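A look at the structure
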Amino acid sequence: NLHGMIRIQATKVGEDTTVSNIIKLVKEASSTNAPISRLADRVSLVFVPIVIGISIISCIVWLISGQSLEFALNIAISVLVIACPCALGLATPVAIMVGTGAGAKHGILIKSAESLETLHLVDTVVLDKTGTITYGKPVVTDVISFTNNDDLLKIAGSLEKNSEHPLSTAILKKIEEEKIDTLDVSDFKAIPGKGICGKILKKEYICGNLKFLTENNINVNNEISLVVDNLQDNAKTVLYVADKSSIIGIIAVKDVVKPSSYLMIKNLNRMGIDSVMITGDNKYVANSIAREVGIKNVVSEVLPDDKEKEVRKLQADGKKVAFVGDGINDSPALAKADVGIAIGNGTDIAIESADVVLMKNDLMEVITSIKLSKKVISNIKMNLFWAFFYNSVGICIASGILYPKFGITLSPMVGALAMSLSSVCVVTNALRINKFKVKYEEERKMEKKIYEKNVYIEGMSCNHCKMSVEKALKSIDGVENVDVNLGDKKASITSTKSINNDEIKKVIEDIGFEVKDII
C-alpha cells in the first residue's frame, strides 16, 4: 500500500493462507532435490583398499622372490606414500571453492557446490516474465480517445489515484508528467482482476479490462477491437475507460523488456539450451514479449503454483531445469527446479528459495553462471584425470616394476615429494579458474546496438492512419518498435541497424502521407 489506509478482513488464517501454501510448496520441493554424488567420493571407496592391497601384495611378492625384509617393506611403504589420495581429495573441493569465488567476482552468489555442479547439466531455462525478462515497471505508451472528450487521462487518473495497482502507478506517473489535475471521486470501488469504478462530477465512470466492460453491458465495436488487437500484438496491456453507456477511450500500458533479455536468449540458443517463458499475463501480451526476445515456448495465464507444476512436467520429461524468477509466487518453482536462479532485486523468499542469486540483476549472468559451471566441471575432470594418471604411474614405479630390468626403485622420501607435488599441481590447476572471464562483453556492446529516429508525418488524422503508418514502418528491415503519436504527428522508430531516410520516406509516401522531417 503506497498511499492511504488499508482495511483488512482475514478470510483465511494459519495453514489455509496463500503464504502458508507457498511455504509448504517450497519445503516439499526442497526435500525432493536429489543429492549430487561426486566422482571422487565414489572412486575413494575402492581406491584406498586397492592401494593397501597392492602394497601388501608387493611386499609379499618381493619377499617370495628372495629380497630382504627391508627391501620389501621399503617397496610397501613407497606404494602407500605415493598413492596418498590427497590429489583426488583436492580435485573437486578446491575447484568448487575457486569457482564460487570467481562467481562472486561477477556478482553471482552461488549458495552450494551442488548447484554449481548441476548448472553445467542444465538443458532448459524457464523464465518468469514480469520483473525478470521485463523490468516489472509498466509505463503508459498510448492514450487513444474515441470521443471529442479531451479529459480521458483526467478521468482515468482521478479513478486510479484511489488504487494501488501497478498499472495505476503508470497512469498516475503519466498525468504527473502531463501536469493534469485530478478530480474528486465518490462511491469508489475496486473489483480485483477486473477494474475500478466511481462517480466524477455525479457521473459514473469505469476503468478496467474487457471482462469488466462486458459485465457492465458496454459493447466494444469492431473499430475499437482492431485498435486493441494491434496494441496487444505489441505486448501492451489495454485499459478501457468508459461511462455507463459507451467507451470514452483506451490507455495502453507496457512493461519494458530488459536489454539483456534478448542477448541472453540468443546465447542460450547458441549453447543448445531451450528457453521457456512462464507468466500469469494473457496470451497476447505473453506471445508478443516472447517474439520480441526470441523465446519459442510460452506458458501463459498460469497461477502461482502452476509454475512449480510446469517445472515438474519438464523434469518428468528428463529435462535438467533452471528456473529464473524474482517474486514470491516464483519461490515454489525456484525450489523445485534443479537449479533456482533469483534476481537480486527480487523478494526475500525468492532469494531464500534459490540456489543462485544474480546480484547485478542482469540476465546475461545466467549465461555466465552456466559457462562458469562448465569451466569448473572441466577443471575438476582435468584434475581427476591427472590424479589418476599420477597414481597409476607412481604406484607401478613404487611397487618395483622397473627394478628387475633397470634396477630402479622409489624411496618413500621421493614418493612423499612426488605426492606433495601432485597436490600442488591440482591446486594450481584449480586456481586457473580465477582467470575465467565473460567472453560476450563485446557482443553485449555491439550485437544489439539501438538506433532511434523521429519521423514527422503530415496527413495523419485517425487511428486507421496511425495503424497504417505503424504497419508501413515495421515492414522496414531492422525496425523493432514503432510508436505513433497523432497529436504530435510523429512516429518514433527503434531499430537494430541504421536505416536510410530515403527508405523511410518511400514507405510513408507509398501509403499516401507526406514526411515533413526525420530527426
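This text follows the structure it describes.
Points about the packing of helix H20 (residues 463-474) against helix H21 (residues 501-510)
In contact at an axis separation of 9 Å, H20 and H21 are set at 140° when each is read in the N-to-C sense. The angle between H20 and H21 places the two elements in the oblique class. Our pair here, H20 against H21, has a crossing hand that is right-handed. Across the interface between the two elements, Val469, Ala472 and Leu473 from H20 touch Ile504, Val507 and Ile508 from H21.

Quick word on the sheet that holds strand E8 (residues 247-254)
Reading across from one edge, E3-E8-E7-E6-E5-E4 is the order of the six strands in this open sheet, with antiparallel pairing throughout. The sheet terminates laterally at strand E3 (139-145) and strand E4 (186-191), the two strands that pair on one side only. Taken over all neighbouring pairs, the strand axes of this sheet differ in orientation by 15° on average, direction set aside. Two strands pair when backbone bridges link them, and strand E6 (residues 203-208) and strand E7 (residues 236-243) are joined in this way by four bridges, in the antiparallel orientation. If you follow Ile206 over to E7, its bridge partner there is Ala242. The strands touched by helix H8 (residues 166-177) are E3, E7 and E8; relative to E3, the strand with the most contacts, the crossing angle is about 75°. Strands E3, E7 and E8 of the sheet are contacted by helix H10 (residues 222-233), whose axis makes an angle of about 150° with E7.

Observations concerning the pattern of salt bridges
This structure, assessed with the given rule, holds 18 salt bridges. Asp330 serves as the salt-bridge partner of Lys307, at 2.7 Å between the closest nitrogen and oxygen. Of this pair, Lys307 sits in helix H13 (residues 304-316) while Asp330 sits in the loop between strand E11 (321-325) and helix H14 (331-336), and the two are 23 residues apart along the sequence. Residue classification places Lys307 among the buried positions, given a relative accessible area of 4%.

Quick notes on the sheet that holds E11
Spatial strand order, E1-E13-E12-E11-E2-E9-E10: seven strands in an open sheet with mixed pairing. The open sheet has two free edges, formed respectively by strand E1 (108-110) and strand E10 (297-299), since each of these has just one partner strand. Averaged over all pairs of adjacent strands, the angle between their axes in this sheet comes to 20°, without regard to strand direction.

A short note on a nonpolar patch on the surface
On the surface, Val48, Ile52, Ile56, Ile60, Ile64 and Leu80 cluster together to form a nonpolar patch covering roughly 540 Å² of accessible area. With five residues, the top contributor of residues to the nonpolar patch is helix H2 (residues 39-64).

A short note on the side chain of Thr279
With respect to the helices, strands and loops of the structure, Thr279 is situated in the loop between strand E9 (274-278) and helix H12 (283-293). Overall, the relative accessible area of 2% leaves Thr279 in the buried class. Those residues within four positions of Thr279 in sequence are excluded, and the remaining contacts are Lys129, Ala286, Val299, Ser300, Glu301 and Val302.

With respect to the nonpolar core
With 64 residues, the main nonpolar core has Val125, Leu127, Met264 and Ile341 as its most contacted residues. By residue number, the principal contributor to this core is helix H16 (residues 364-398), which donates 13 residues. Among all residues touching Val125, those that are not within four sequence positions of it are Leu268, Ile273, Asp274, Ser275, Val276, Ala322, Val324 and Ile370. Counting 20 residues, the second largest nonpolar core, distinct from the first, contains Ile499, Ile508, Phe513 and Val515.

Here's the deal with the environment of Ser353
Among the structural elements, Ser353 can be located in helix H15 (residues 348-353). In this structure the C-alpha to C-alpha distance between Ser353 and Leu334, which are 19 residues apart in sequence, comes to 6.0 Å.

Focus: H10
Over its 12 residues, H10 runs 16 Å from end to end, which matches the ideal 16 Å to within 8%, given 1.5 Å per residue. Among the residues making up H10, those that are buried are Ile224, Val227, Val228, Leu231 and Gln232. Burial along H10 is one-sided: seen end-on, the buried residues are contained in an arc of 135°. Its buried side turned inward, H10 meets E3, E7, E8, H12 and H20. Of the residues flanking the start of H10, the one acting as N-cap is Asn221, its side-chain oxygen 3.2 Å from the backbone nitrogen of Glu223. Immediately downstream of H10, the backbone of Ala235 shows phi near 65°, a positive value.

What about the pairing of strand E15 (residues 479-485)?
Taken together, the six bridges between E15 and strand E16 (residues 490-495) define a ladder with antiparallel strand orientation. Bridge pairing links Asp483 to Ser492 in E16. Between E15 and E16, which follow one another and run antiparallel, lie four residues, and Lys489 among them has a positive phi close to 50°.

Calculation rules
- Residues numbered from 1 in each chain as written.
- Predicted model: local features only at pLDDT ≥ 70, side-chain atom pairs only at ≥ 80, totals over all residues.
- Heavy atoms only, no water.
- Axes fitted to C-alpha atoms, helices over the stretch in contact; angles between N-to-C directions.
- Helix = DSSP H or I, 4+ residues; strand = E, 2+ residues; numbered from the N terminus.
- Parallel < 35°, antiparallel > 145°, perpendicular 65-115°, else oblique.
- Left-handed = near helix turned anticlockwise from the far one by under 90°.
- Contact = heavy atoms within 4.5 Å.
- Pairing = 2+ DSSP bridges.
- Salt bridge = Lys/Arg side-chain N within 4 Å of Asp/Glu carboxyl O.
- Buried < 20%, exposed > 50% of the residue type's maximum accessible area, 1.4 Å probe, protein only.
- Patch = residues over 30% accessible without salt bridge, like charges linked within 9 Å, V, L, I, M, F, W, Y side chains within 5 Å.
- Areas by Shrake-Rupley, 256 points an atom, 1.4 Å probe, with all protein chains shown as cover.
- Core = buried A, V, L, I, M, F, W, Y, C linked by side-chain atoms within 4.5 Å.
- Expected span 1.5 Å × (residues − 1).
- Arc of directions from axis to C-beta.
- Polar contact = N/O pair within 3.5 Å; in protein donor to acceptor, adjacent residues only side chain to side chain.

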